[in-house]
Amino acid sequence: MAKDEFEEPGMWDEYRWERFLQQQDRNTEKYFTLLEKYMDHPDRDRIIALEMGWEYFEEEENSTWDEAAEVFCELDEDEQSLGDDDEFDTFTGSPIYSDTLELHSWVNKLLEKSPALQECPEASRMASCCSICGAKLAAALCGSDDSELGMTIAYLKRALKAANDALDASNKLRISGHLTRRQETAFQKHLFQVRNRVVDLMSEYRSEWRRRVDGTGKD
């Protein structure tokens, strides 16, 4: 993928945003992998800069390095940023936020009551995916404005994937005997409340995108 694809002007659709976010994921993973590998190397900054394809100016080493590290840390945590106070208030007052809280509360209580479940990798994956789903929702609904519908949809797609992964983990937990069928049903009830709202939101934002781009909001 050409780098200048992301330098072209105009409003990006969900697919362009998705490719951009995937590229940022790869860059962030590469950066932290290199940082761990060369942490104690005396020429760490220059090596990582070359590996990342950055320009490296030795006389500005400290400030440039600190700025780069800060940027990647911000990218890594960006989904968890809830925007300004007005956006946060709007999000926390929405039904999907309440459903997300109920989902997290249910999962946390389940893990607290079962020490054995806490040691299970699939249980950890289920809980992690639920948290990721909430973070992507926050990024979608609080970290953008109406001019970035493509970004909002791209983050909602990531929230949906996290929800599907959590569903897969719960199914494997039930098959392995770590969850009863009743527990799995209760979990799925909470999860599908969130998941269905995500699907509805994606449909609404896509309809709005079509209305703006080609004058129609029809499916």
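Residues numbered from 1 in each chain as written. Predicted model: local features only at pLDDT ≥ 70, side-chain atom pairs only at ≥ 80, totals over all residues. Heavy atoms only, no water.

Participant: Help me get a handle on the overall build of the chain, residues and values and all.
Facilitator: Regarding its fold elements, the chain presents nine helices and zero strands. When its helices and strands are written in sequence order, the chain yields α-α-α-α-α-α-α-α-α. For the chain, the residues scored as buried account for 37% of the 219 residues in total. Counting contacts in the chain only where the partners sit at least 6 residues apart, residues at least 24 apart contribute 64% of the total. With an accessible surface of roughly 13,100 Å², the chain has 48% of that area assigned to carbon and sulfur atoms. (Helix = DSSP H or I, 4+ residues; strand = E, 2+ residues; numbered from the N terminus. Buried < 20%, exposed > 50% of the residue type's maximum accessible area, 1.4 Å probe, protein only. Contact = heavy atoms within 4.5 Å. Areas by Shrake-Rupley, 256 points an atom, 1.4 Å probe, with all protein chains shown as cover.)

Participant: Outline the packing of aromatic side chains, listing residues and values.
Facilitator: A full pass over the atoms with the stated rule returns five aromatic pairs. With 5.8 Å between their ring centres and 45° between their planes, tryptophan 106 and phenylalanine 187 make a pair best called tilted. Here tryptophan 106 is found in helix 5 (residues 95–113), whereas its partner phenylalanine 187 is found in helix 9 (residues 181–214), with 81 residues between them in sequence. With relative accessibility at 0%, the residue phenylalanine 187 sits in the buried group. A connected cluster of aromatic rings, assembled from ring pairs, spans Trp12, Trp17 and Phe20. (Phe/Tyr/Trp six-rings, centres within 6.5 Å; stacked < 30°, edge-to-face > 60°.)

Participant: Can you lay out helix 5 for me, pointing to particular residues and giving the numbers?
Facilitator: Given a rise of 1.5 Å per residue, 19 residues ought to cover 27 Å, and the 27 Å separating the end C-alpha atoms of helix 5 matches this to within 8%. For helix 5, every residue scored as buried is listed here: Ile96, Asp99, Thr100, Leu103, His104, Trp106, Val107, Leu110 and Leu111. One side of helix 5 holds all its buried residues, which, seen down the axis, span an arc of 160°. More than 90 degrees from the buried face of helix 5, the exposed residues found are Glu112 and Lys113. (Expected span 1.5 Å × (residues − 1). Arc of directions from axis to C-beta.)

Participant: Could you give an account of the environment of phenylalanine 32, naming the residues involved and the relevant values?
Facilitator: Inspection of the secondary structure assignment puts phenylalanine 32 in helix 1 (residues 14–38). Taking the relative accessible area as the measure of exposure, phenylalanine 32 reaches 30% and is therefore partly exposed. Linking phenylalanine 32 and isoleucine 48, residues 16 residues apart in sequence, is a C-alpha distance of 9.8 Å.

Participant: Explain the pattern of salt bridges to me, and be specific about the residues and the numbers.
Facilitator: Evaluation of the coordinates by the stated rule reveals 14 salt bridges. Of the charged contacts in the structure, one is a salt bridge between lysine 161 and aspartate 165, with a shortest N-O distance of 2.8 Å. One end of the pair is lysine 161 and the other is aspartate 165, both in helix 8 (residues 149–175) and four residues apart, which spans about a single turn. Take lysine 161: its relative accessible area is 51%, and that puts it in the exposed class. Between arginine 211 and glutamate 208 there is a salt bridge; the shortest N-O distance is 2.5 Å. One end of the pair, arginine 211, and the other, glutamate 208, are both in helix 9, three residues apart, so they sit about a helical turn from each other. The network of salt bridges with shared partners includes Glu14, Glu18, Lys157 and Arg206. (Salt bridge = Lys/Arg side-chain N within 4 Å of Asp/Glu carboxyl O.)

Participant: Kindly report on the confidence of the model for the chain, identifying the contributing residues and their values.
Facilitator: Overall, the predicted model of the chain reaches an average pLDDT of 82, with 74% of residues at or above 70. Per-element confidence in the chain is highest for helix 8, whose mean pLDDT is 95, and lowest for helix 3 (residues 61–77), whose mean pLDDT is 54. (pLDDT = per-residue confidence, 0-100.)

Participant: Which residues make up the environment of threonine 92, and what values go with them?
Facilitator: By the element assignment, threonine 92 lies in helix 4 (residues 85–92). In this structure the C-alpha to C-alpha distance between threonine 92 and alanine 138, which are 46 residues apart in sequence, comes to 9.5 Å.

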